[in-house]
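Structure at a glance
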Amino acid sequence: SEEPVDPADELKFLCLGGGNEVGRSCHIIQYKGKTVMLDAGQHPAYDGLSALPFFDIFDLSTVDVLLISHFHVDHAASLPYVLAKTNFKGRVFMTHPTKAIYRWLIQDSVRVGNASSNESSQPVYTEQDHANTFPMIEAIDYYTTHTISSIRITPYPAGHVLGAAMFLIEIAGLNIFFTGDYSREHDRHLVSAEVPRGIKIDVLITESTYGVASHVPRLEREQALMKSITGILNRGGRALLPVFALGRAQELLLILDEYWAKHPEFQKVPIYYASNLARKCMVVYQTYIGAMNDNIKRLFRERMAEAEVTGDGAGKGGPWDFKFIRSLKSLDRFEDVGSCVMLASPGMLQSGVSRELLERWAPSDKNGVIITGYSVEGTMARQIMQEPEQIQAVVTRNAAAARRAPGGDAEKVMIPRRCSVQEYSFAAHVDGNENREFIEEVGAPVVILVHGEQHNMMRLKSKLLSLNTNKTVKIKVYSPKNIEELRIPFKQDKIA
Ligand SMILES: [Zn+2]
Ligand SMILES: [Zn+2]
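Scope of this entry: the structure provided in the associated data block. A quick note: this is a predicted structure, and the numbers were derived from the prediction, not measured. (Residues numbered from 1 in each chain as written. Chains lettered and ligands numbered in written order. Predicted model: local features only at pLDDT ≥ 70, side-chain atom pairs only at ≥ 80, totals over all residues. Heavy atoms only, no water.)

1. Remarks on the overall build of the chain
Along the backbone of the chain there are 13 helices and 22 strands. The C-alpha radius of gyration of the chain comes to 23 Å, within 12% of the 23 Å expected for a compact globule of 496 residues. With respect to the three principal axes, the spread of C-alpha positions in the chain is 70 × 60 × 50 Å. Here the chain holds 496 residues, and the buried ones make up 55% of them. In the chain, the proportion of contacts linking residues at least 24 apart, taken out of those at least 6 apart, comes to 75%. A total accessible area of about 21,400 Å² is found for the chain, and carbon and sulfur atoms account for 50% of it. Averaging the positions of the 55 positive and the 58 negative side-chain charges in the chain gives two centres separated by 2 Å. (Helix = DSSP H or I, 4+ residues; strand = E, 2+ residues; numbered from the N terminus. Rg over C-alpha atoms; globule rule 2.2 N^0.38 Å. Buried < 20%, exposed > 50% of the residue type's maximum accessible area, 1.4 Å probe, protein only. Contact = heavy atoms within 4.5 Å. Areas by Shrake-Rupley, 256 points an atom, 1.4 Å probe, with all protein chains shown as cover. Lys, Arg positive; Asp, Glu negative; His and termini not counted. Charge placed at Lys NZ, Arg CZ, Asp CG, Glu CD.)

Below, the structure written as structure tokens:
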């Protein structure tokens with residue numbers, strides 16, 4: 001019964017990545033001759049070119065504006081490739097803290113990537129590519145509107161991690177709102193996401209990471225996490241918390257430092273944070289206290305006052321000057337004796353320090369692994385949650401073994417897994433209820449789901465459609481797969 005629509009009134013939407021999956025987020029919006037690209041991530045479960053979004057199926061030279069929601073690998077790590085290796089010639093925007101962290105994060109990932117002896121996967125860009133393209137990025141502030149070739153963009157706080165933004169995009173009177181990854185619960189350092197006031201949103205593009213699943217309340221989750229950690233320590237074990245180097249790790253450090261301060265009986269047990277990158281980025285966290293919530297601002301004032309009293313400069317880092325956490329430059333400097341709590345990256349145990357410690361500690365049933373982030377399909381973090389009898393060692397750690405078995409499969413080294421494995425999500429994504437409430441509050445007639453595995457996305461879609469029964473104006477819900485173009489009609493009277 002719908003009238004034929006003039007193609008000029010259609011909004012086109014295309015996922016180059018992040019469609020029915022978590023990873024390599026990259027979405028294209030086209031309307032009235034304007035093109036906006038949202039995010040440019042990599043897929044954490046793949047290597048080399050296959051970790052990139054499907055850039056080859058779209059002419060990137062047509063993109064007017066590229067918006068990066070936050071610094072996580074799955075949203076930002078393809079950007080140097082886009083800027084250095086493709087015909088992209090648009091403008092790129094991200095918030096100031098995102099840009100500050102992105103700089104170190106990409107540099108670090110390129111260096112780590114090059115150090116790997118996996119010769120089959122060539123890096124898709126170099127450190128030089130990153131250095132050359134970094135100045136092209138324009139940094140912007142929350143709540144500030146910028147107009148670029150008559151596209152209006154405004155970032156809003158998204159919670160999730162420092163600097164994370166949701167973007168309001170206005171093209172020819174059509175308001176599109178992109179959540180990126182977002183959270184609404186109150187944590188120790190971030191301002192949580194809010195619905196933009198007084199703006200009629202026509203299209204909402206939202207993450208669907210947790211589908212309809214609901215999180216255990218924050219306080220209970222924190223208590224369960226601490227019970228689990230102290231349980232491992234009390235049996236004389238080592239607690240390994242694989243974390244992404246930056247972002248949620250800072251929240252976990254605040255929780256741990258606070259708990260240790262209140263529990264002298266654990267103060268003899270060291271908490272380590274093994275991340276060089278984090279040390280570099282602490283300056284960013286200190287600089288952007290103003291972009292965080294009231295809790296962190298209060299902590300900052302307290303620490304500065306303490307520093308003034310003692311006069312020794314202690315507490316200069318404010319809330320990030322932890323009392324009970326030691327930063328660890330490398331495993332060479334780590335004396336592995338007795339119980340400890342270890343936060344190490346990468347968060348999905350693909351390689352690096354966290355993987356090395358996993359392989360070292362997995363055989364003992366005293367030890368425990370605690371997963372606190374979202375684990376992408378195909379990664380070791382996802383695998384280990386199934387509590388397998390054994391896990392595969394990263395063969396590349398031994399170059400000689402790698403040469404003997406170039407394909408990898410011929411001489412798999414297996415390690416028994418007897419350590420405990422538990423999961424408490426501190427990933428800072430909305431759960432099913434929070435997402436549904438937010439979607440209802442935004443009230444857009446068109447909702448496009450991205451950033452979720454198919455089964456989670458489908459459950460959320462059904463839930464949202466079931467809410468249509470008591471509505472006069474039914475909402476449309478889309479869940480496009482990668483490279484599957486959506487065409488959504490909008491009436492001509494939208495023109496401003
Ligand atoms: Zn994220
Ligand atoms: Zn993400």
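2. Brief notes about the environment of glycine 231
Here glycine 231 is to be found in helix H5 (residues 218-234). According to the relative accessible area criterion, glycine 231 is partly exposed, its value standing at 28%.

3. Topic: the nonpolar core
Core analysis: the biggest nonpolar cluster contains 70 residues, and Ile229, Leu246, Trp260 and Leu343 have the highest contact counts within it. The element best represented in this core is helix H6 (residues 248-262), accounting for seven residues. The contact partners of leucine 343, leaving out residues within four places of it in the chain, are Leu241, Val243, Ala249, Leu252, Leu253, Leu256, Ile271, Tyr272, Tyr273 and Ala274. (Core = buried A, V, L, I, M, F, W, Y, C linked by side-chain atoms within 4.5 Å.)

4. So, the pattern of salt bridges
Going through the model one piece at a time under the given rule, you end up with 26 salt bridges. In this structure, glutamate 440 engages lysine 471 in a salt bridge whose closest nitrogen and oxygen atoms are separated by 3.0 Å. Here lysine 471 lies in the loop between helix H13 (454-466) and strand S21 (476-478) and glutamate 440 lies in helix H12 (residues 432-442), a separation of 31 residues in the sequence. Classification of glutamate 440 by relative accessible area gives partly exposed; the value is 39%. For lysine 471, a relative accessible area of 25% corresponds to the partly exposed category. (Salt bridge = Lys/Arg side-chain N within 4 Å of Asp/Glu carboxyl O.)

5. Some points on empty space enclosed by the protein
Enumeration over the complete set of coordinates arrives at one cavity of 30 Å³ or more. Taken as a whole, the largest cavity spans an internal volume of roughly 30 Å³. What lines the largest cavity is simply Ser25, His27, Asp39, His75, Phe178, Gly180, Asp181, Glu207, Val450 and His451. Of the residues that constitute the lining of the largest cavity, the class distribution is two nonpolar, five polar and three charged. (1 Å grid on protein atoms, 1.4 Å probe; cavity = no way out; pocket = protein on both sides within 12 Å on 5 of 7 lines; lining within 4 Å. Points joined across faces, edges and corners; volume = space filled by probe spheres on them. Nonpolar A, V, L, I, M, F, W, Y, C, P; charged D, E, K, R; others polar.)

6. Side note on the coordination of the zinc ion (ligand 1)
On the protein side, the zinc ion (ligand 1) has His70 (NE2), His72 (ND1), His160 (NE2) and Asp181 (OD) as donor atoms, found 2.1 to 2.3 Å from it. Note that the zinc ion (ligand 1) binds four donor atoms; their angles at the metal cover 91 to 166°, and the shape is irregular. Read in sequence order, the donor residues for the zinc ion (ligand 1) give the motif H-x1-H-x87-H-x20-D. A separation of 3.4 Å is found between the zinc ion (ligand 1) and the zinc ion (ligand 2), which share aspartate 181 as a coordinating residue. Here histidine 160, found in the loop between strand S8 (151-157) and strand S9 (165-171), pairs with aspartate 181, found in the loop between strand S10 (174-178) and strand S11 (203-207); they are 21 residues apart in sequence, far enough to count as distant. The two residues histidine 160 and aspartate 181 agree in class, both being buried. (Donors = N, O, S within 2.8 Å, 3.2 Å for Na, K, Ca; no water. Tetrahedral: all angles 85-135°; square planar, octahedral: opposite > 155°, others 65-115°.)

7. A word on the coordination of the zinc ion (ligand 2)
Within the protein, the atoms that donate to the zinc ion (ligand 2) are Asp74 (OD), His75 (NE2), Asp181 (OD) and His451 (NE2), at distances of 2.2 Å. Bound by four donor atoms, the zinc ion (ligand 2) shows angles of 86 to 164° at the metal and therefore irregular coordination geometry. Written as a sequence motif, the donor arrangement for the zinc ion (ligand 2) is D-H-x105-D-x269-H. Note on aspartate 181: relative accessible area 2%, which makes it buried.

8. Observations concerning the sheet that holds strand S4 (residues 65-67)
Within a beta sheet, neighbouring strands are joined by backbone hydrogen bonds and run either parallel or antiparallel to one another. The mixed open sheet is built from seven strands, whose spatial order is S6-S5-S4-S3-S2-S1-S22. Sheet topology places strand S6 (137-140) and strand S22 (486-489) at the edges, where each strand pairs with a single neighbour. Within this sheet the neighbouring strands show an average axis-to-axis angle of 25°, counted without direction. Direction of pairing for strand S5 (residues 91-95) relative to S6: parallel, over a ladder of four bridges. Residue pairing for S6: phenylalanine 93 is matched across the bridge by glutamate 138. (Pairing = 2+ DSSP bridges. Axes fitted to C-alpha atoms, helices over the stretch in contact; angles between N-to-C directions.)

9. Here's the deal with the pairing of S8
For S8, the tally of buried residues reaches six of seven residues, placing the bulk of the element in the interior. Hairpin connection between strand S7 (residues 146-148) and S8: a loop of two residues separates the two successive antiparallel strands, and serine 149 in this loop has a positive phi of roughly 40°. One ladder, built from seven bridges, connects S8 with S9; its direction is antiparallel. The residue bridging proline 155 from the neighbouring strand is phenylalanine 167, located in S9.

10. Remarks on H13
Taking 1.5 Å as the rise per residue, H13 with 13 residues should run 18 Å; its terminal C-alpha atoms sit 18 Å apart, in good agreement. Each element contacted by the buried residues of H13 is listed here: H12, strand S20 (446-450) and S21. (Expected span 1.5 Å × (residues − 1).)

11. As for the packing of aromatic side chains
For the structure on display, the rule yields 14 aromatic pairs. Clustering of aromatic rings is evident, with ring pairs tying together Tyr142, Tyr143, Tyr156 and Phe177. The ring of phenylalanine 134 has lysine 99 lying over it, and the distance from NZ or CZ to the ring centre is 4.9 Å. Its end group placed over the ring of tryptophan 104, arginine 103 keeps NZ or CZ at 5.5 Å from the ring centre. (Phe/Tyr/Trp six-rings, centres within 6.5 Å; stacked < 30°, edge-to-face > 60°. Lys NZ or Arg CZ within 6 Å of the ring centre and 35° of its normal.)

12. Examining the side chain of aspartate 257
Looking at where aspartate 257 falls in the secondary structure, it is placed in helix H6. Comment: no salt bridge for buried aspartate 257; closest opposite-charge side chain is arginine 303, at 4.3 Å. For aspartate 257, the side chain forms a polar contact with the main-chain nitrogen of lysine 323, separated by 3.1 Å. (Polar contact = N/O pair within 3.5 Å; in protein donor to acceptor, adjacent residues only side chain to side chain.)

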